[in-house]
Amino acid sequence: MGQLNQTRRNFLKMIGLGAAAMAVPRISGGAASLKGKPNVILVITDDQGYGDLGCHGNKVIKTPNLDKLYTQSTRLTNYHVGPTCAPTRAALMTGRYCNRTGVWHTIMGRSIMRRDEVTMADVFHRGGYKTSFCGKWHLGDNYPFRPRYRGFDEVLSHGGGGVGQTPDYWGNDYFDDTYIHNGKPVKFKGYCTDIWFDAAMKFAESCAKAGKPFFTYLSTNAPHSPFNVAKKYSDMYAGKPDVPNAAFYGMITNIDDNMGKLVKKLDELGIADNTILIFTTDNGTAAGYKVPRRKPKDKGRAKPKTSAKIVGFNAGMRGTKGSEYDGGHRVPFFIRWPSGRIEAKKDIGRLTAHIDVMPTLTQLCGIDNPKGVALDGASIVPLLRGGGDNWPDRTLVTDSQRLEDCVKWRKSAVMTDKWRLINGKELYDMTADGGQKNDLAASNPKIVKQLTAAYEKWWTSVSERFGEFVPIVIGSDKENPTCLTGHDWHGNGAAKVWNHRQIKGGPIVNGFWAVDVEQDGTYEFTLRRWPKEQDSPISEKFLKVTKAKIQIGKIEMAQDLAVGAKETTFKMKLKAGPAKLQTWFSDAKGKSAGAYFLYAKRL
């Protein structure tokens, strides 16, 4: 409990010490080979769209520091990601389409990235860089998927896909939370975004003093919902009729303040000129643009009768977070490197994407791409350093699945510099119709056929392992016990238990976990309706539970529960290997739901 009571100041003193356990061994290049290597800070925010910046034409939002960074950077103006959180992060970290990494949803076990993927942090770590992660990971919360096992020396993170989601520490609400530092919970004082940036700046300072190049992946959970921020920020926008969500805009202005502090710290440390600083976001806006919905009686009318109006700014694009239209996946990308021949105030309009970031950074930093790994992206250094006259035409694909199993053509965009093929049916000329209003599919059958063939080739390539689960490892020496949550259930039940608010409501749903028993042995499984941090009876705001059951593979056990029980434990001998794991809490009438939290321990 002593570690839980550490303050943020005490934590910051620990930054730079490094994690004890790493999945990737360090390969030292020696001081001579690392001398002069640029540092890299990759900042990505959550649910902030292209139009949620003053420099992109939003006349309401206050982002002076990002606006200044915009003037100092080369900007990718046709840069695309996935339409939702985890898929973008998987592609960004690997240089590969998210679908082939096992990540195409934000829950249901489909936000866990395959353990055989090589991350950007792995590559920088092997290249002799110090590496750190701060904030939202969303690619797995257990060994070997957490960031401390994916190439990062220093890790400070929340759980799941956001603060307050089911894998996150119980009770977190953005203020004075408990986060995970190198595998252990630490209590903080302050606001989440401030804490992530403080940690990143302290890590940069420790590396600068040691004369070591570093890679930092700073991934904020803001401005993702819930829209919690200090009142002074939301008050900037409260009551204004042209503001879609005052707290959402306030969260972005808080991020902007922190970006200003980060840039100032780099200047103070004397490393700004030789630091590659990137700012980007993970998908289209979630709350910065509201379009009135048609009422049922207005369906089919060209102009529905409604007094509501469009509120917010979306830079002329169609769609928002989750959409296959550009508003769902075209996002900001600023890159600044003063001493690296990357121009300020330069726009690059050629088609680029998240999969290009890793090969671009490895080339800029002079480190090797992972051997034996087929990257989907390409280095855009020729575009950054030259005019890109010889840059080839390319076709890229993004989609929004958000299902247990991928569905062909679902919410997809096949993209070229000029065209967008949407869902295999609609065709838009982006050079003349950036708002994607005029479907030209009927008059351009050859283009549709060409882009359809590109999609078919892409689908064949990325779908090779769609039938595989990404199992959570239990019984490993690296993590024992392991906590499993309903966030990672397979099946639709996960959609009802992915955050703390839903857990409090006690929905009657179930699902199963895909697990990989790492070692033969005797295992203890503790089933709970509430996490261990919340010492409450199983039946509180839930079924009046009388019986519990567990099944892993072909082994099935059941037992009666006493009134007021807070947990129940099963013990069994298991052989190593993959299995499906499911639990049931049942009442006297046979109605049942799954245990939202399970603690698996090899004895």
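The structure presented is a predicted model; accordingly, all values stated were derived computationally and were not measured.

About the thresholds
Residues numbered from 1 in each chain as written. Predicted model: local features only at pLDDT ≥ 70, side-chain atom pairs only at ≥ 80, totals over all residues. Heavy atoms only, no water. Pairing = 2+ DSSP bridges. Helix = DSSP H or I, 4+ residues; strand = E, 2+ residues; numbered from the N terminus. Axes fitted to C-alpha atoms, helices over the stretch in contact; angles between N-to-C directions. Buried < 20%, exposed > 50% of the residue type's maximum accessible area, 1.4 Å probe, protein only.

This paragraph deals with the sheet that holds strand 6 (residues 178–181). Taken in spatial order, the 10 strands line up as 7-6-5-4-8-1-9-12-2-13 in an open sheet, and their pairing is mixed. Two strands in the sheet have a free side with no partner beyond their single neighbour: strand 7 (184–187) and strand 13 (346–348). Shown here is a sheet whose adjacent strand axes are inclined to one another by a mean of 15 degrees, direction ignored. In the sheet, strand 5 (residues 154–157) pairs with strand 6 via 2 bridges, with the strands oriented antiparallel. Bridging across to strand 6, Ser157 finds its partner in Ile180.

Okay, unusual backbone geometry next. The general pattern is negative phi for most residues beyond glycine and trans for most peptide bonds. Backbone torsion omega between Tyr143 and Pro144 reads 0 degrees, so that peptide bond is classified as cis. Geometrically, the link from Ala222 to Pro223 is a cis peptide bond, its omega value of 0 degrees lying close to zero. Residue placement: Pro223 occurs in the loop between strand 8 (214–219) and helix 8 (231–234). Despite not being glycine, Asn182 has its phi angle at roughly 50 degrees, a positive value. With respect to the helices and strands, the residue Asn182 is situated in the loop between strand 6 and strand 7. The buried category is assigned to Asn182, whose relative accessible area is 12%. Non-glycine residue Lys345 carries a positive phi angle of around 55 degrees. You can call Lys345 exposed: its relative accessible area is 61%.

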